[in-house]
Amino acid sequence: MQESRTLMDESAIRRALTRIAHEIVEKNKGIEGCVLVGIRTRGIYLARRVAERILDIEGAPVEVGELDITRYRDDRPQDAAASPKLESLPFPIKDKRIILFDDVLYTGRTIRAALDALIDNGRPQSIQLAVLVDRGHRELPIRPDYVGKNVPTSKQEEIEVRLREIDEEDEVAIVHPGTED
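Everything numeric in this text was worked out from a predicted model, so none of it was measured.

K.L.:
Is there a simple way to explain the packing of helix H1 (residues 10–27) against helix H2 (residues 42–58) in this structure?
P.N.:
Helices that pack against each other are described as a pair by the angle of their axes relative to one another and the distance between those axes. Remark: H1 packs on H2, axes separated minimally by 9 Å, with the N-to-C direction vectors making an angle of 60°. If you check the angle between H1 and H2, you find them oblique. For the element pair H1 and H2, the recorded crossing hand is right-handed. For the pair H1 and H2, the contacting residues are Ile13, Arg14, Leu17, Thr18, Ile20, Ala21, His22, Ile24 and Val25 in the first and Leu46, Arg49, Val50, Arg53, Ile54, Ile57 and Glu58 in the second. Its residues assigned to classes, the contact of H1 with H2 shows 10 nonpolar, two polar and four charged.

Following this line, the structure appears as structure tokens:
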């Protein structure tokens with residue numbers, strides 16, 4: 001039986017994303033030349049929410065795109081006939097400052113795949129990383145620029161991010177492995 005504990009509720013997620021939006025604006029001295037790219041699935045919803053907050057802060061919209069990294073994963077079988085492409089980015093990334101969004105940063109392998117996908121489709125000026133939760137246990141030298149919450153975990157624990165756009169509620173929970181009776 002697994003035990004679950006809420007780490008962030010709806011208001012905590014909202015506050016974290018608002019803080020990240022302010023940090024992005026401050027670090028980049030505005031939003032000119034910036035685009036937000038969310039890793040499918042939950043990263044895109046986080047990017048869209050931050051874009052709404054940046055619009056409130058700056059009074060100007062920031063472009064948002066969606067990145068599917070399935071073909072770049074090193075932990076899934078590859079289809080040799082499939083050529084990697086970014087179908088959902090409605091803008092060129094050459095010379096842009098990209099802020100890449102994901103829900104949970106763990107080993108770094110998802111982010112490595114996303115970096116490969118981005119670089120294959122243009123040479124951005126820079127790539128910054130924003131995550132809702134950083135749980136540690138990196139296998140690659142990847143560090144986020146913007147973090148909603150740092151949550152030290154054991155490798156046996158899991159972080160579950162639920163967002164209202166797909167899960168009908170906003171919550172981040174830590175799931176502890178259960179003990180068998």
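Additional details are given in the paragraphs that follow.
K.L.:
What exactly am I supposed to notice about helix H3 (residues 109–119) here?
P.N.:
Each α-helix turn comprises 3.6 residues. Residues three or four places apart therefore point the same way. Within H3, burial applies to Ile111, Ala113, Ala114, Ala117 and Leu118. For H3, the arc enclosing every buried residue in end-on projection is 160°, short of the 170-degree limit, so these residues lie on one face.

K.L.:
I keep staring at the environment of Ala117 and nothing clicks. Help me out?
P.N.:
With respect to the helices and strands, the residue Ala117 is situated in helix H3. A sequence separation of 50 residues divides Ala117 from Leu67, and the C-alpha atoms of the two residues are 8.1 Å apart.

K.L.:
Would you mind showing me how to read the pattern of salt bridges here?
P.N.:
Should the charged atoms of two oppositely charged side chains come close, the side chains can pair. This structure, assessed with the given rule, holds 15 salt bridges. With its nearest N and O atoms 2.7 Å apart, the salt bridge here joins Arg49 to Glu165. Residue Arg49 is found in helix H2, and its partner Glu165 is found in helix H4 (residues 164–167); the two are separated by 116 residues along the sequence. A relative accessible area of 4% means that Arg49 is categorised as buried. Two residues, Glu139 and Arg109, come together in a salt bridge whose shortest N-O distance is 2.8 Å. Of the two residues, Glu139 is situated in the loop between strand E5 (126–134) and strand E6 (146–150) and Arg109 in helix H3; the sequence distance between them amounts to 30 residues. By relative accessible area, which is 46% here, Glu139 ends up partly exposed.

K.L.:
Looking at this model, I keep getting lost on the sheet that holds strand E8 (residues 171–176). Mind explaining?
P.N.:
The strands making up a sheet associate through hydrogen bonds between their backbones, and the pairing can be parallel or antiparallel. Taking strand neighbours across the sheet as the criterion, the three strands line up as E1-E8-E7 in an open arrangement whose pairing is antiparallel. In the strand order of this sheet, the two ends are held by strand E1 (3–8) and strand E7 (158–162), each with one partner. When the angles between neighbouring strand axes are averaged without regard to direction, this sheet yields 30°. Bridge count between E1 and E8: five bridges; the pairing is antiparallel. Residue pairing in the sheet places Glu3 in a bridge with His176 of E8. Of the strands in this sheet, E1 and E8 are in contact with H1, which crosses E1 at around 45°.

What counts as what
Residues numbered from 1 in each chain as written. Predicted model: local features only at pLDDT ≥ 70, side-chain atom pairs only at ≥ 80, totals over all residues. Heavy atoms only, no water. Axes fitted to C-alpha atoms, helices over the stretch in contact; angles between N-to-C directions. Helix = DSSP H or I, 4+ residues; strand = E, 2+ residues; numbered from the N terminus. Parallel < 35°, antiparallel > 145°, perpendicular 65-115°, else oblique. Left-handed = near helix turned anticlockwise from the far one by under 90°. Contact = heavy atoms within 4.5 Å. Nonpolar A, V, L, I, M, F, W, Y, C, P; charged D, E, K, R; others polar. Buried < 20%, exposed > 50% of the residue type's maximum accessible area, 1.4 Å probe, protein only. Arc of directions from axis to C-beta. Salt bridge = Lys/Arg side-chain N within 4 Å of Asp/Glu carboxyl O. Pairing = 2+ DSSP bridges.

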